[in-house]
Amino acid sequence: MRRLMFLTREAFSSLRRNLLVVSAAVVSVFISLTLVFGALVLSELVRENTARWQEGDHIIVFLNDVPDQTELSLQEEIQSWDEVASVAYCDKACAYQEYKQMFADQPALLDVDPSVLPASIRIKLHNIDTYKDVTYQLMGNPAIRKVVTASEQFDQLSAVTKALNRLALGLAVVLGIASIVLIANTIRMAIYARRDEISVMRLVGASNWFIRVPFLLEGMAQGLMGAVLGVIAVWAGQSYLINHVEPTFLIRLSVDRGFLVAWSLAILVFGALAGVIGSTTGVRRFLKV
Amino acid sequence: MILLEGVTKVYEGGTVALRDIDLDVKKGEFLFVVGPSGSGKSTLISLLLREQRATRGKIWVAGKDITKMPGWKVPHLRRSVGTVFQDYKLLPNRTVSENVGFALEVLGRPHSIVTRQVQQVLELVGLQTKGDRYPRQLSGGEQQRVSVARAFVNRPPILLADEPTGNLDPATSVGIMRVLDRVNRTGTTVVMATHDHAIVDAMRRRVVQLDRGKIIRDETRGTYESVNGRNDA
């Protein structure tokens, strides 16, 4: 217990003594983790927004005039497919309502017999990428007059989503690795500046762990401080965006609070870990007997 | 206390620093290791500290065979061997008391004991009033006394000194030697590598002379240069 207090005291007094090198390490962690976290939030924003754009009916199946029984069994069959999230039926009356709404500003077209309008089944998919499979399965069925999808838009949207997501995630990974290297390097510099102290410690018979622990605590503290600053920066940036930008755009800028909290914790842990890893590799070469 | 049997140290590249050394140092002895630069004095000291491993032969220090000792036990070895170097090796950002106390903190001694023992050992080296100074505020001789105090504060059975007076003027060196003599009188075995003629001749202790890695003289009350017709060994 006494030793632990001594070691903690050592770690903190050395943080104080080497203020310049320490702030370099903290700032480098701060910047890289802010970028990592920012990239993650960006990718989440992309995901949330594209998910929103994907809402609505994905496939509309117009039916021939067939008995209700056939319509019902077709509906059940479609419902049972794995790709399908939900199915809604719209009969001739429902189709007439929609028709009236659609052409409300063109009264000349409204004079139409409801019975000529086709009933339809509206399909929502789990994943819009599967629309081709579903369309293919529907084709050739005698009860179906026509299958309609926004196929081109689907392809474009999912390509854009994928590209943006990959970009943001790739950025996060690259910056994450960069931050570990940066932390390791900065802590190594801090340790190199104190190699005399380490050699004296070894001279008077300090065990390797005794020498290592203050550096590990120090590295962890540095990583954690940088991570805390990074998390604060991202939260601040988020709330700034929400308060100042959102009303002028159609795009949503607020991410789910649960997402933010979970990733904030992950970033803190990552910062502390990166600090520990950095100082472990930094100390190792000075501890060879 | 220290025993070497057939110890040879060959550095990478083939330089032979020590050749087949046999040496027995008894408890409480004061031993000078003399010889010109490159004769192997410093290599001998660093082998005793296990800073390097002997190429051949066996070395016992404080009852332990250190040629077989695993790396993680080396810190324990160093706790029973105090060391003093030519360049003091003090930490510049710690006070005299902190520098000396460091050796005890490392062992996990309680604060009250650290304070008391540091005070005692500072009295022994004559620096009791300078505990709060920083190394840069002290003269070379005073800094070397601090380093002797640090080496001795946990009362190790052995004290190794590698050219402790190498950076000091003759008058100051005498002061350091008095301190080392005092340490030796407490029963501590002292091994000192030096090429300071005056000191060796004045102290009249056991002298081992090295030349190109071999022991060429071992006298119990020797001088720096061998005297013809006189050999106590």
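Residues numbered from 1 in each chain as written. Chains lettered and ligands numbered in written order. Predicted model: local features only at pLDDT ≥ 70, side-chain atom pairs only at ≥ 80, totals over all residues.

**Thoughts on the overall build of chain B**
The helix and strand inventory of chain B stands at seven helices and 10 strands. For chain B, the residues scored as buried account for 42% of the 233 residues in total. A fraction of 66% describes how many contacts in chain B between residues 6 or more apart in sequence connect residues 24 or more apart. (Helix = DSSP H or I, 4+ residues; strand = E, 2+ residues; numbered from the N terminus. Buried ≥ 20, exposed ≤ 12 C-beta atoms within 10 Å, placed from the backbone. Contact = placed C-beta atoms within 7 Å.)

**What about the overall build of chain A?**
Across its full length, chain A holds nine helices and four strands. For chain A, the α and β elements follow one another from N to C terminus as α-α-β-α-β-α-β-α-β-α-α-α-α. Residues counted as buried form 31% of the 289 residues belonging to chain A. A fraction of 86% describes how many contacts in chain A between residues 6 or more apart in sequence connect residues 24 or more apart.

**Here we look at the interface of chain B and chain A**
With 18 residues of chain B at the contact, the number on the chain A side is 15 residues. Contributing elements (two or more residues each) for the side of chain B that touches chain A: helix H2 (74-79) and helix H3 (96-105) of chain B. No other element matches H2 of chain B, which puts five residues into the side of chain B that touches chain A. Within the side of chain B that touches chain A, the residues separate by chemical class into eight nonpolar, five polar and five charged. (Nonpolar A, V, L, I, M, F, W, Y, C, P; charged D, E, K, R; others polar.)

**Overview of the nonpolar core**
With 69 residues, the main nonpolar core has Val-33, Val-100 and Ala-149 of chain B as its most contacted residues. Apart from residues no more than four positions distant in its own chain, Val-100 of chain B is found in contact with Val-118, Val-121, Leu-122, Val-146, Ala-149, Arg-150 and Val-153 of chain B. Membership of the second largest hydrophobic core comes to 42 residues, among which are Phe-30, Val-41, Ala-168 and Leu-224 of chain A. (Core = buried A, V, L, I, M, F, W, Y, C linked by C-beta atoms within 7 Å.)

**Side note on the packing of helix H5 (residues 140-152) of chain B against helix H6 (residues 170-185) of chain B**
Residues and elements named next belong to chain B. Between H5 and H6, whose axes approach to 9 Å, the crossing angle comes to 15 degrees. Between H5 and H6, the crossing angle belongs to the class labelled roughly parallel. For the element pair H5 and H6, the recorded crossing hand is right-handed. Here H5 contributes Gly-140, Gly-141, Gln-144, Arg-145, Val-148 and Phe-152 to the contact with H6, which in turn contributes Thr-172, Gly-175, Ile-176, Val-179, Leu-180 and Val-183. (Axes fitted to C-alpha atoms, helices over the stretch in contact; angles between N-to-C directions. Parallel < 35°, antiparallel > 145°, perpendicular 65-115°, else oblique. Left-handed = near helix turned anticlockwise from the far one by under 90°.)

**Observations regarding the sheet that holds strand E9 (residues 206-211) of chain B**
All names here are of chain B. Sheet architecture is open: six strands sit in the order E6-E7-E8-E3-E9-E10, paired in mixed fashion. Pairing within the sheet leaves two strands with one partner each, and these edge strands are strand E6 (81-85) and strand E10 (214-219). Shown here is a sheet whose adjacent strand axes are inclined to one another by a mean of 15 degrees, direction ignored. Where strand E3 (residues 30-34) and strand E8 (residues 189-194) come together, five bridges link them in parallel fashion. Bridging from a neighbouring strand, Val-34 pairs with Thr-194 of E8. Across the sheet, H6 lies against E3, strand E7 (158-162) and E8, angled at about 150 degrees from E8, the strand it touches most. (Pairing = 2+ DSSP bridges.)

**Let's talk about helix H9 (residues 257-284) of chain A**
Compared with the 40 Å implied by 1.5 Å per residue over 28 residues, the 41 Å span of H9 of chain A between its first and last C-alpha is a close match. Listed as buried for H9 of chain A are Ile-267, Phe-270, Gly-271, Ala-272, Ala-274, Gly-275, Val-276, Gly-278, Ser-279, Gly-282 and Val-283 of chain A. (Expected span 1.5 Å × (residues − 1).)

**Some points on the sheet that holds strand E4 (residues 56-61) of chain B**
All names here are of chain B. Across the sheet, which stays open at both edges, the four strands sit in the order E2-E1-E4-E5 with antiparallel pairing between neighbours. Edge positions in the sheet fall to strand E2 (16-25) and strand E5 (64-65), since each of these pairs with one other strand and no more. Across the sheet, helix H1 (residues 41-48) is in contact with strand E1 (2-10), E2 and E4; its angle to E1 comes to roughly 120 degrees.

**Brief notes about the environment of Ser-207 of chain A**
With respect to the helices and strands, Ser-207 of chain A occurs in the loop between helix H7 (195-203) and helix H8 (208-244). Remark: the alpha-carbon pair of Ser-207 of chain A and Leu-287 of chain A, spanning 80 residues in sequence, is separated by 9.6 Å.

**Details of the confidence of the model for chain B**
All names here are of chain B. Scored by pLDDT, chain B comes out at a mean of 91, with 97% of its residues at no less than 70. Here residues 229-233 scores under 50 on pLDDT; set against residues more than four positions off or in separate chains, the count is seven contacts. Scoring of the predicted complex yields 0.66 for pTM and 0.78 for ipTM. (pLDDT = per-residue confidence, 0-100.)

**Considerations on the packing of H3 of chain B against helix H4 (residues 111-124) of chain B**
Residues and elements named next belong to chain B. At a minimum axis separation of 9 Å, H3 and H4 run at an interaxial angle of 125 degrees. Viewed along their axes, H3 and H4 adopt a mutual orientation that is oblique. Both H3 and H4 take part in a crossing whose hand is right-handed. The segment H3 lies against H4, with Ser-97, Val-100, Gly-101, Leu-104 and Glu-105 engaging Val-114, Gln-117, Val-118, Val-121 and Leu-122. Residue classes in the contact of H3 with H4 are distributed as six nonpolar, three polar and one charged.

**Here's the deal with the environment of Arg-145 of chain A**
Counting through the fold element by element, Arg-145 of chain A comes out in strand E4 (residues 144-149). Taking C-alpha positions, Arg-145 of chain A is 8.5 Å from Pro-118 of chain A, a pair spaced 27 residues apart along the chain.

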